[in-house]
Amino acid sequence: MGAIAAAEATLNLTIQYIKERQAFGKQVAEFQNTKYKIAELATEVEMGRVFADRCVELHDNKQLDGATASMAKYSLTELQCKVADACVQLHGGYGYIWEYQVARAWADARVQRIYAGTNEIMKELISRKYLK
Ligand SMILES: Cc1cc2nc3c(=O)[nH]c(=O)nc-3n(C[C@H](O)[C@H](O)[C@H](O)COP(=O)(O)OP(=O)(O)OC[C@H]3O[C@@H](n4cnc5c(N)ncnc54)[C@H](O)[C@@H]3O)c2cc1C
């Protein structure tokens, strides 16, 4: 849940930023590449949110199995990292500067694939369901 919430927040703060930032006499949001990148990220975040909510629903009904929980941890933390990295890129040089929230979001995202069991271990657990 932390991963999908962070992905949503990072995308939202980046959308605000690219509407304000001007380059070559235009908003960064007006470049075609920016529009396509936002469309791709928004689609993946929406899909991630649906999966996360589905896992909560299963958990509430005591039906969330270990493999599905591992799928959520693995896929949503990979998505968080992908979104944070793309959002740093959309910020340009400011994205590297610690004072900008997106730089912090990128650093915070990176550890998510490591702790609470690395994503390699998540894949190990998922594979056991399908290859037993
Ligand atoms: C900020 C932070 C907070 C943490 N908080 C807690 C906490 O509150 N409680 C807690 O118990 N732990 C905590 N941890 C520990 C965390 O869960 C471990 O770092 C994590 O599980 C990875 O273990 P490791 O660091 O020993 O890496 P290692 O096991 O040494 O892994 C190194 C690499 O080898 C890979 N690898 C290892 N075994 C396999 C395998 N069988 N198959 C394939 N690849 C493998 C890993 O995926 C990784 O890429 C925290 C870690 C961090 C960084």
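None of the values given here were measured: they were computed from a predicted structure.

Conventions and cut-offs
- Residues numbered from 1 in each chain as written.
- Predicted model: local features only at pLDDT ≥ 70, side-chain atom pairs only at ≥ 80, totals over all residues.
- Axes fitted to C-alpha atoms, helices over the stretch in contact; angles between N-to-C directions.
- Helix = DSSP H or I, 4+ residues; strand = E, 2+ residues; numbered from the N terminus.
- Parallel < 35°, antiparallel > 145°, perpendicular 65-115°, else oblique.
- Left-handed = near helix turned anticlockwise from the far one by under 90°.
- Contact = placed C-beta atoms within 7 Å.
- Nonpolar A, V, L, I, M, F, W, Y, C, P; charged D, E, K, R; others polar.
- Core = buried A, V, L, I, M, F, W, Y, C linked by C-beta atoms within 7 Å.
- Buried ≥ 20, exposed ≤ 12 C-beta atoms within 10 Å, placed from the backbone.

Put simply, helix α1 (residues 2-20) and helix α3 (residues 66-91) touch, their axes get as near as 8 Å, and they point 15° apart. Between α1 and α3, the interaxial angle falls into the category roughly parallel. Where α1 crosses over α3, the two elements pack in a sense that is left-handed. Here A3, I4, A6, A7, T10, L11, T14, Y17 and I18 of α1 come into contact with α3, specifically with L76, T77, L79, Q80, V83, A84, C87, L90 and H91. When grouped by side-chain class, the residues that make up the contact of α1 with α3 number 13 nonpolar, 5 polar and no charged.

Moving on to the nonpolar core. Formed by 25 residues in total, the largest nonpolar core has its most connected members in A7, V83, A84 and C87. For this core, the secondary-structure elements that each account for two or more residues are α1, α2 (32-60), α3 and α4 (101-112). Take this core: its biggest share by element is 10 residues, from α3.

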